[in-house]
Amino acid sequence: VQLIESGGGLVQAGGSLRLSCTASELTFSMYTMGWFRQAPGKEREFVSVRSWSGTYYADSVKGRFTISRDNAKNTMYLEMNSLKPEDTAVYYCSARRGSGKYISAYEYDYWGQGTQVTVSS
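Heads up: these notes are all about the structure in this document. (Residues numbered from 1 in each chain as written. Predicted model: local features only at pLDDT ≥ 70, side-chain atom pairs only at ≥ 80, totals over all residues. Heavy atoms only, no water.)

### Observations regarding the overall build of the protein
Broken down by element type, the protein carries zero helices and eleven strands. Scanning the protein from its N terminus toward the C terminus, one meets helices and strands in the order β-β-β-β-β-β-β-β-β-β-β. In terms of overall size, the protein behaves like a compact globule, its C-alpha atoms giving a radius of gyration of 13 Å where 121 residues would be expected to give roughly 14 Å. Summarising its shape, the C-alpha atoms of the protein cover approximately 40 × 25 × 25 Å along the three principal directions. (Helix = DSSP H or I, 4+ residues; strand = E, 2+ residues; numbered from the N terminus. Rg over C-alpha atoms; globule rule 2.2 N^0.38 Å.)

What follows is the structure, given as structure tokens:
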């Protein structure tokens, strides 16, 4: 299984970015897909998850971020609006088989290499 993120970059506070995660060597529709992030010196934290059972967001991003997925393209997206400096982190795509509200990093089997998002004030 391979997960490849893209779309990170440097943006000013209040700006937007769209992250993508393309998966290979898995039956994409059978997997729960999630986004996590990790800032320097901090633990990896949950951002959002989408499976066929539902969509969930961390409180810190609710109303600003939108997760979506295109099963035909084996791709998941994270639309990030109204970005804040505290959103600065490496963002990781994750996958695990099955459906559920999986919000702990320990619940995921596969990870991408991460993409850096930097929000300047």
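Moving on from the model shown.
### Section: the pattern of salt bridges
In total, this model carries five salt bridges according to the counting rule given. One salt bridge in this structure joins Glu79 and Arg18, with 3.8 Å as the shortest N-O distance. Placement of Glu79 in strand β8 (residues 75–80) and of Arg18 in strand β3 (residues 17–24) is noted, with a sequence separation of 61 residues between them. Asp87 is the salt-bridge partner of Arg37, the closest N and O atoms lying 2.9 Å from each other. Here Asp87 lies in the loop between β8 and β9 (89–97) and Arg37 lies in strand β4 (residues 31–38), a separation of 50 residues in the sequence. For Arg37, a relative accessible area of 5% gives the class buried. The structure contains a network of salt bridges with shared partners spanning Arg37, Glu45, Arg64 and Asp87. (Salt bridge = Lys/Arg side-chain N within 4 Å of Asp/Glu carboxyl O. Buried < 20%, exposed > 50% of the residue type's maximum accessible area, 1.4 Å probe, protein only.)

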